[in-house]
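Examining the three-dimensional arrangement
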Amino acid sequence: MEQAAGECWVVGVDVGGSGVRVGAAPTGRPVGPTGVRTVGSATAARVSASAGGQDARALLDGLLPALDALVAGLPDGARIGAVAVGATGMALLGRDLAARLPGPLARATGARRLVLAGDAVTAYVGALGTAAGVVVAGGTGLVAIGHRPGGGWCRADGWGQLLGDCGGGAWLGRAGLEAALREQDGRNGGSPVLLAAAERHYGPVAGLPAALQPRPDRAALLAEFAPAVVAAAGEGCPVAAGLLARRSPPPRPPPPRPPVRPSPGSP
């Protein structure tokens, strides 16, 4: 149903490791999922990174056409009051995004307010608002973020596909490809099922280093293989099943509590 002309809308942009999603919703009243107008990741480019962090120019090349399509579909007279961007790696690799996104986004939408944050933060706010709790944001990467009243914020993992993101799509895809290459070499830990899957998806595995190493969207390419690992585990591949089990190591035991001593004069 079309909204009243002149109504203010807010735009949300989710920048993940494998694509970008854009949505808009009217402000000032509750809106369910069906009231959010979205433009899917197929319309926006993958996120790429370089030595300087996330590539703002590459992101804008895909994001601005998606925004144009979204704005064109809003009711006549609708205006955008704010744009909120949740970007993967914003805290560690987001300097270029912070410097280069505000101007183009403001010009494309007419919004006077722009908020840039890590996608873990926007996932938390979307799920829990400002209440205390923990959110695990899993996709191409993986990060957990928590908040408690009076205790500030804490974060675990989210270190990227080279150093962490354990259990995320890129991590699982890379582990599956390693098992495929072990099979190719005849080493322990190889899987013929994963080798066959890798060759179906990428072609001869001898070409994988050249195909993956130079790509700025390497995380997304690795994550593409994660569904093949899950499928192989479902077909009874013990190596793939072992990789899925590794995604959830046993929790670390809590530190021991200090002994409780009665205060002087207590019974």
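Bear in mind that the values here come from a model prediction, so they are computed numbers and not experimental data.

1. Here's the deal with the overall build of the protein chain
A count of helical and extended segments in the protein chain gives eleven helices and ten strands. Counting across all 267 residues of the protein chain, residues that qualify as buried make up 36%. In the protein chain, 57% of the contacts between residues at least 6 apart in sequence involve partners at least 24 apart. Of the roughly 15100 Å² of accessible surface on the protein chain, 58% is carried by carbon and sulfur atoms.

2. Points about the confidence of the model for the protein chain
Scored by pLDDT, the protein chain has a mean of 76; 77% of the residues are at 70 or more. Put simply, strand β4 (residues 49–50) is where the protein chain has its lowest mean pLDDT, 54, and helix α10 (residues 226–234) is where it has its highest, 91. Between residues 1–5, whose pLDDT stays under 50, and residues either more than four places distant or in other chains, the model counts nine contacts. Here residues 260–267 is a poorly scored stretch, pLDDT under 50, and it has zero contacts once near neighbours within four places are set aside; other chains count.

3. Describing the side chain of threonine 109
Residue position: threonine 109 is located in helix α4 (residues 102–109). Discounting residues that sit within four places of it in the chain, threonine 109 has contacts with Leu67, Ile80 and Val83.

4. Some remarks on the pattern of salt bridges
Counted according to the given criterion, the structure contains three salt bridges. The partner of arginine 182 in a salt bridge is glutamate 178, and the shortest N-O contact between them spans 3.3 Å. Taken together, the positions of arginine 182 and glutamate 178, both in helix α6 (residues 169–185) and four residues apart, correspond to about one turn of that helix. Residues arginine 187 and aspartate 185 are paired through a salt bridge, measuring 3.2 Å at the closest nitrogen-oxygen approach. Look at the salt bridges and you will find they share partners, linking Arg174, Glu178 and Arg182 into a network.

5. Quick word on the sheet that holds strand β9 (residues 142–148)
A sheet is described by the order of its strands in space; here three strands give the open sequence β8-β9-β10, paired in antiparallel fashion. Each end of this open sheet is capped by a strand with a single partner; those strands are β8 (133–138) and β10 (152–157). Within the sheet, the average angular offset between the axes of one strand and its neighbour, ignoring direction, is 15°. Pairing geometry for β9 and β10, over six bridges, is antiparallel. What sits directly across from glycine 146, in β10, is cysteine 154. On the sheet, helix α5 (residues 119–128) packs against β8, β9 and β10 and is oriented at approximately 125° with respect to β8.

6. Let's talk about the environment of proline 104
The residue proline 104 is located in helix α4 in this model. When its relative accessible area of 18% is taken as the criterion, proline 104 is described as buried. Beyond its immediate sequence surroundings of up to four residues, proline 104 is in contact with Leu60 and Leu64.

7. Points about the nonpolar core
Core analysis: the largest hydrophobic core is formed by 25 residues, its most contacted members being Leu177, Leu194, Phe225, Val229 and Ala240. The set of elements that each furnish at least two residues to this core consists of α6, α7 (192–202), α8 (208–212), α9 (218–223), α10 and α11 (238–246). Counting residues per element, this core draws most heavily on α6, which supplies seven residues.

8. Description of α7
The complete set of buried residues in α7 reads Leu194, Leu195, Ala197 and Ala198. The buried residues of α7 occupy an angular sector of 165° when projected down its axis, which confines them to one face. Seen from the open side of α7, the exposed residues pointing more than 90 degrees away from its buried face are Pro192 and Arg200. Where the residues of α7 are buried, they touch α6, α10 and α11. At the C-terminal side of α7, glycine 203 shows a positive phi close to 95°.

9. Considerations on the pairing of strand β2 (residues 20–26)
The element β2 is largely enclosed, with a buried count of six among its seven residues. By the bridge criterion, seven bridges tie strand β1 (residues 8–15) to β2 in an arrangement that is antiparallel. Across the sheet, valine 15 pairs through a bridge with valine 20, a residue of β2.

Here is what the cut-offs are and how they apply
Residues numbered from 1 in each chain as written. Predicted model: local features only at pLDDT ≥ 70, side-chain atom pairs only at ≥ 80, totals over all residues. Heavy atoms only, no water. Helix = DSSP H or I, 4+ residues; strand = E, 2+ residues; numbered from the N terminus. Buried < 20%, exposed > 50% of the residue type's maximum accessible area, 1.4 Å probe, protein only. Contact = heavy atoms within 4.5 Å. Areas by Shrake-Rupley, 256 points an atom, 1.4 Å probe, with all protein chains shown as cover. pLDDT = per-residue confidence, 0-100. Salt bridge = Lys/Arg side-chain N within 4 Å of Asp/Glu carboxyl O. Pairing = 2+ DSSP bridges. Axes fitted to C-alpha atoms, helices over the stretch in contact; angles between N-to-C directions. Core = buried A, V, L, I, M, F, W, Y, C linked by side-chain atoms within 4.5 Å. Arc of directions from axis to C-beta.

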